[in-house]
Amino acid sequence: MSTKLEGKSVQEWIEEYPLLHKLIKMDEVLWVNPHYNAKNKNTNLSISNISEAAERLQRFAPYIETVFPETKNTNGIIESPLVEINKMKKAMEQAYQLDIHGTLLLKCDNDLPISGSIKARGGIYEVLKHAEELALEHGMLKTSDSYKIFASPDFRQFFSQYKIAVGSTGNLGLSIGIMSAELGFKVTVHMSADAKQWKKDLLRSKGVNVIEYPSDYSKAVEEGRKQAEADPNCYFIDDENSKDLFLGYAVAASRLKKQLEEMDITVDEKHPLFVYLPCGVGGGPGGITFGLKMEFGEHVHCFFAEPTHSPCFLIGQMTGLQDKVSVFDFGLDNRTDADGLAVGRSSSFVGKTIGNMLSGCFTIQDQRLYNFLRELADQENIFLEPSALAGFFGPIQLASQKEGEKYLTNQKLQTNMDNATHLVWATGGSMVPEEMMKEYYRRGVHDNVE
Ligand SMILES: *Cc1c(COP(=O)(O)O)cnc(C)c1O
């Protein structure tokens, strides 16, 4: 650990930010963001950018409905259910011997159509946007056309001249690969070592070129970027820097608002909304946070969840080092069963854009992911992949840690907690093969891991 980071040694960083002691030991921590609500000069994105993305998805809806019939009942809109999980709430209260005040909801992105994870939001959106741009540019399309024509042989033929590439730990590759291949693109997915075999197999069965790396996610992205740059017909989807991915994720917020209204759930000064989002590079949870802040302002409180072995976003935010630091710099190994969150270096674009909107971050150990997995299956018959369980520790940490209590007091939330809504964002799971899910389930135990 002798590297210098922005002129300071690792030891100096640890002295400046004592929470790093615990992070290095892989203790589970809750970090509250001291820059929460500070003025932000780092973004020129606004709600109109999100509306534009929502309108684009609307234009594509007739096409999506045509090629992915599982989206028929939402008329080609890729959206997931929002459900109350009261039995799970009771089980958590019992296991952890505390009260979770208010209502516990689950946002079921595990059930998102087409690719079964949160990546079906940003990933598919960016592919569609690129396809639209190419089609307009080459006179194939007028915006007044029905986008059903994207399913025609002419369009598939046209897109087959073009390539799309992406680096991924698995789920982003799945979303981009499936969507790009359906449109007719030649698509290459650069997979990190964490990526599960079944995801690679599935992609290959759809004609996607999968390149495997023995290293982690950052390396897969770097290689993908390099190879794509050498080819003018290749479009690289850049998980670390893409505004389009970010905006695709952000569209979730206005739709969630509608779902909450339909459930008669109020969000205002007296009815705070807490949202717990599993975080890898930051794009998914960051985009959603950005959107939620546009919809609910100070009444929504967003917390990110990371594995104890990969707390890159927390470290990047806390130190302000953003993508200039990786978890390896502090001796962590970025090894976790939460493959969707196995990222050692966060996105500085996302970190800067939402740096003042984020309430805090917490970490969770892998065993606890399995315990939540089993409990959720037993109580609610909902099966998630390990990454997707990370948010469940949020309401518990908020209620049990001193830092959490301080946050609630400082934000003047203590008296309104009985009216609170806690929303855990379930980010993936429906595509996991049954055998593998059974194995995950077996790893869970009922008591908590203190
Ligand atoms: C990718 C992913 C996340 C996190 O999204 P990032 O954009 O990497 O922060 C969370 N859960 C699952 C299941 C994922 O695949």
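Residue numbers here run from 1 along each chain, matching the order of that chain's written sequence. Given that this is a predicted model, residues contribute local features only at a pLDDT of at least 70 and side-chain atom pairs are listed and counted only at 80 or more, while totals for whole chains, interfaces and linings are drawn from all residues. Water and hydrogen atoms play no part in the side-chain values, which are based on all heavy atoms of the structure.

## Thoughts on the packing of aromatic side chains
Phase 1: Within 6.5 Å between ring centres, the rings of Phe, Tyr and Trp (the latter by its six-membered ring) count as paired, and their orientation is classed by plane angle as stacked under 30 degrees, edge-to-face over 60, tilted in between. Per the counting criterion, the structure on display carries 24 aromatic pairs.
Phase 2: Ring geometry for W13 and Y17: centres 6.2 Å apart, planes at 15°, overall stacked.
Phase 3: When its relative accessible area of 5% is taken as the criterion, W13 is described as buried.
Phase 4: What makes Y17 partly exposed here is its relative accessible area of 22%. The buried label goes to any residue with under 20% of its type's maximum accessible area, the exposed label to any with over 50%, and the partly exposed label to all in between, with areas taken from a 1.4 Å probe on protein chains only.

## With respect to the sheet that holds strand β8 (residues 209-212)
Phase 1: At least two bridges found by DSSP between two strands is the condition for calling them paired. Runs of E in the DSSP output that reach at least two residues are strands. Runs of H or I that reach at least four are helices, and both are numbered from the N terminus. Read from one edge to the other, the open sheet built from four strands follows the order β8-β7-β6-β9, with strand pairing classed as parallel. The open sheet is flanked by β8 and β9 (234-237), the only strands paired with a single partner. Each strand axis lies, on average, 20° off the axis of its neighbour in the sheet, ignoring direction.
Phase 2: Both strand β7 (residues 186-191) and β8 contribute to a ladder of four bridges, which runs parallel. The residue bridging H190 from the neighbouring strand is I211, located in β8.
Phase 3: The contact criterion used throughout is that any non-hydrogen atoms of two residues lie within 4.5 Å. To obtain each axis, a line is fitted to C-alpha atoms, and for helices this fit is confined to the stretch in contact; angles are then taken between N-to-C directions over 0 to 180 degrees. Contacts from helix α7 (residues 171-183) reach β6 (163-168), β7 and β9 within the one sheet, and its direction differs from that of β6 by about 165°.

## Re the domain arrangement of the protein chain
Phase 1: Per the domain assignment, the segments of the protein chain are domain 1 (4-44 + 74-114 + 246-442) and domain 2 (118-245).
Phase 2: A domain assignment, automatic or from a database, supplies the domain bounds used here. The C-alpha-based centres of domain 1 and domain 2 are spaced at 27 Å.
Phase 3: At the interface, 37 residues of domain 1 touch 27 residues of domain 2.
Phase 4: For any pair of parts, buried area is found by adding up, for both, the accessible area (1.4 Å probe) each one loses once the two are put together. Here domain 1 meets domain 2 over a buried area of about 2600 Å², counting both sides, of which 58% is carbon and sulfur.
Phase 5: Taken as a group, Y249, D339 and F349 account for 23% of the area that domain 1 buries against domain 2, more than any other trio of residues on that side.
Phase 6: Note on definitions: salt bridges are taken to be side-chain nitrogens of Lys or Arg within 4 Å of carboxyl oxygens of Asp or Glu. Inspection of the domain 1/domain 2 interface yields four salt bridges.
Phase 7: The partner of E79 in a salt bridge is R121, with the nearest N and O atoms 2.7 Å apart.
Phase 8: Two N or O atoms form a polar contact when they lie within 3.5 Å of each other; inside protein one atom must be a possible hydrogen donor and the other a possible acceptor, and for residues adjacent in sequence the pair counts only when both atoms belong to side chains. Taken together, the connections running from domain 1 to domain 2 amount to 17 residue pairs in polar contact (both at pLDDT 80 or more).
Phase 9: Residue type decides the class: Asp, Glu, Lys and Arg count as charged, Ala, Val, Leu, Ile, Met, Phe, Trp, Tyr, Cys and Pro as nonpolar, and the leftover types, Gly among them, as polar. The class makeup of the residues in the side of domain 1 that touches domain 2 is 20 nonpolar, nine polar and eight charged.

## Side note on the state of the cysteines
Phase 1: By disulfide we mean two sulfur atoms from cysteines, separated by a distance within 2.5 Å. Under the counting rule described, the total for this entry stands at zero disulfides.
Phase 2: With no disulfide of its own, C361 has C279 as its nearest cysteine by sulfur position, at a separation of 6.5 Å.
Phase 3: Given a relative accessible area of 0%, C361 falls into the buried group.

## Topic: the side chain of S310
Phase 1: Checked against the element boundaries, S310 lands in the loop between β11 (300-307) and α13 (312-319).
Phase 2: A polar contact of 2.7 Å, which involves the side chain of S310, links it to the side chain of N334.
Phase 3: Here S310 is in contact with V327, N334, R335, T336, L341, A342 and V343, once residues within four sequence places are set aside.

## Structural notes on the sheet that holds strand β10 (residues 273-278)
Phase 1: Here we have seven strands laid out as an open sheet, ordered β3-β12-β11-β10-β13-β5-β4, and mixed in their pairing. Of all the strands in the sheet, just β3 (30-32) and β4 (82-84) have a single pairing partner and so form its edges. Strand-to-strand, the axes of this sheet are offset by a mean angle of 25°, without reference to chain direction.
Phase 2: Note that β3 and strand β12 (residues 358-364) share three bridges and pair antiparallel. Counterpart to V32 in the pairing with β12 is G360.

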